[in-house]
Amino acid sequence: MLDAKLVIRSHSEQKTVVKLSEQVTVGGQELLVIGGPCSVESLVQMEVVAEHLATAPVQALRGGVYKPRTSPYAFQGLGLEGLEILTAVRQRYNMPVVTEVMAVSQIAAIATAADVLQVGSRNMQNFELLKALGQCDKPVLLKRGLSATLEEFILAAEYILSHGNPQVVLCERGIRSFDPYTRNVLDLGAVAALKQLTHLPVIVDPSHAVGKRELVADLARAAVACGADGLIIECHPQPEQSVSDARQALSLAEMVTLVHSLGAIAAAVGRSLPRINIPSLAVPSTVCG
Ligand code: PEP
Ligand code: MN
């Protein structure tokens with residue numbers, strides 16, 4: 001492994017804590033939980049999500065506005081309109097937001113509207129994008145490629161660090177295998193290995209790993225048990241109506257129940273669930289009244 005100099009852990013105590021906002025970090029003792037829909041669909045949708053998740057407690061919101069869809073005819077995301085929605089919700093709820101960046105040309109606008117730029121699986125080896133994100137001053141959530149080896153994954157992170165940005169969070173989201181019953185196969189061995197090999201925070205996305213909502217909670221708990229620093233989970237006010245990845249979306253109530261179920265497992269591995277810490281929570285104009 002090679003050619004990686006900056007990502008590889010030099011001693012067993014070395015670990016990087018990445019700051020998403022003044023209050024929210026990942027890589028320390030506290031688990032990071034990120035929740036939200038696959039795609040941003042409307043302001044009301046994101047307000048309802050934030051309202052329910054803020055006290056779960058979920059510390060950060062997700063929502064794609066530039067969507068890497070298999071079919072060019074499928075919903076491609078709201079684009080700039082979606083970024084405006086993220087800006088509004090992030091301010092109103094004082095919650096950092098994570099959204100995907102697909103092209104170098106999108107970086108400036110996304111870095112203004114969001115707190116963390118996600119590189120999706122399909123772009124893990126888009127080296128020009130990785131280099132440009134190395135010059136960005138926002139944290140990057142780097143998802144493992146669909147069939148990427150750990151060496152390829154680590155070297156993709158190395159691109160970002162070696163171009164100047166040390167704030168990288170690795171995300172295991174399942175790899176392709178032969179059985180279509182689950183969407184992908186969650187590689188928990190990779191989580192354990194990445195924690196040993198690198199000093200970067202490692203989080204798990206059980207939603208894309210398994211692809212079926214009824215299996216998401218079990219994988220989320222397994223990820224925490226095996227040492228993940230956090231989770232990113234898809235949930236939606238009306239899961240069946242989700243414009244993308246409906247089959248894997250949890251309801252907001254299921255998401256809250258899942259977060260509560262993590263406490264005992266977190267404690268067993270020396271971690272804790274996030275504290276509720278939302279000093280400037282305001283009443284959303286479009287949800288109440
Ligand atoms: C997503 O987070 O919605 C997404 C497209 O994820 P991945 O890149 O892991 O498929
Ligand atoms: Mn998705």
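Only a predicted model underlies this, so the values are computations on that prediction, with no experimental measurement involved. (Residues numbered from 1 in each chain as written. Chains lettered and ligands numbered in written order. Predicted model: local features only at pLDDT ≥ 70, side-chain atom pairs only at ≥ 80, totals over all residues. Heavy atoms only, no water.)

Visitor: Give me the lowdown on the overall build of the protein chain, citing residues and values where you can.
Guide: Per the secondary structure count, the protein chain includes 9 helices and 10 strands. For a compact globule of 289 residues, the expected C-alpha radius of gyration is about 19 Å, and the protein chain comes in at 17 Å, within 12% of that figure. The dimensions of the protein chain, computed from C-alpha atoms along their principal axes, are 60 × 45 × 40 Å. Looking at the 289 residues of the protein chain, the share that counts as buried comes to 55%. Within the protein chain, counting contacts between residues at least 6 apart in sequence, those at least 24 apart form 71% of the total. A total of about 11,700 Å² of accessible surface is found on the protein chain, and carbon and sulfur atoms cover 55% of it. Across the protein chain, the centroid of the 24 positively charged side chains sits 2 Å from that of the 27 negatively charged ones. (Helix = DSSP H or I, 4+ residues; strand = E, 2+ residues; numbered from the N terminus. Rg over C-alpha atoms; globule rule 2.2 N^0.38 Å. Buried < 20%, exposed > 50% of the residue type's maximum accessible area, 1.4 Å probe, protein only. Contact = heavy atoms within 4.5 Å. Areas by Shrake-Rupley, 256 points an atom, 1.4 Å probe, with all protein chains shown as cover. Lys, Arg positive; Asp, Glu negative; His and termini not counted. Charge placed at Lys NZ, Arg CZ, Asp CG, Glu CD.)

Visitor: Tell me about the confidence of the model for the protein chain, residues and numbers included.
Guide: Residues of the protein chain with pLDDT of at least 70 account for 95%, and the chain-wide mean is 94. Every residue in residues 279-289 scores below 50 in pLDDT, and together they form 20 contacts with partners more than four places removed in sequence or on other chains. (pLDDT = per-residue confidence, 0-100.)

Visitor: Account for the coordination of the manganese ion (ligand 2), with residues named and values stated.
Guide: On the protein side, the manganese ion (ligand 2) has Cys-38 (SG), His-208 (NE2), Glu-234 (OE) and Asp-245 (OD) as donor atoms, found 2.1 to 2.4 Å from it. Summarised as a motif, the one-chain spacing of the donors to the manganese ion (ligand 2) is C-x169-H-x25-E-x10-D. On the criterion of sequence distance, the pair formed by Cys-38 in the loop between strand S3 (32-36) and helix H1 (43-53) and His-208 in helix H7 (residues 206-210) is long-range, its members being 170 residues apart. The two residues Cys-38 and His-208 agree in class, both being buried. (Donors = N, O, S within 2.8 Å, 3.2 Å for Na, K, Ca; no water.)

Visitor: An account of the sheet that holds strand S10 (residues 230-234) is needed here, citing residue identities and associated values.
Guide: Spatial ordering of the closed barrel is given by S3-S4-S5-S6-S7-S8-S9-S10, a layout of 8 strands whose pairing is parallel. Across this sheet, the average inter-strand angle for adjacent strands is 25°, counted without regard to direction. Against the sheet, helix H6 (residues 188-197) engages strand S8 (168-172) and strand S9 (202-204), with an angle of about 165° to S9. The sheet strands contacting helix H8 (residues 213-225) are S9 and S10, and the helix crosses S10 at an angle near 170°. (Pairing = 2+ DSSP bridges. Axes fitted to C-alpha atoms, helices over the stretch in contact; angles between N-to-C directions.)

Visitor: Go over the pattern of salt bridges, please, and point to the residues and values.
Guide: Under the defined criterion, the tally for this structure stands at 14 salt bridges. Between Glu-172 and Arg-144 there is a salt bridge; the shortest N-O distance is 2.9 Å. Residue Glu-172 is located in strand S8, and its partner Arg-144 is located in the loop between strand S7 (140-143) and helix H5 (150-162); the two are separated by 28 residues in the primary sequence. Here Asp-229 makes a salt bridge to Lys-195, at a shortest N to O gap of 2.7 Å. Taken as a pair, Asp-229 in the loop between H8 and S10 and Lys-195 in helix H6 lie far apart in primary sequence, 34 residues in all. (Salt bridge = Lys/Arg side-chain N within 4 Å of Asp/Glu carboxyl O.)

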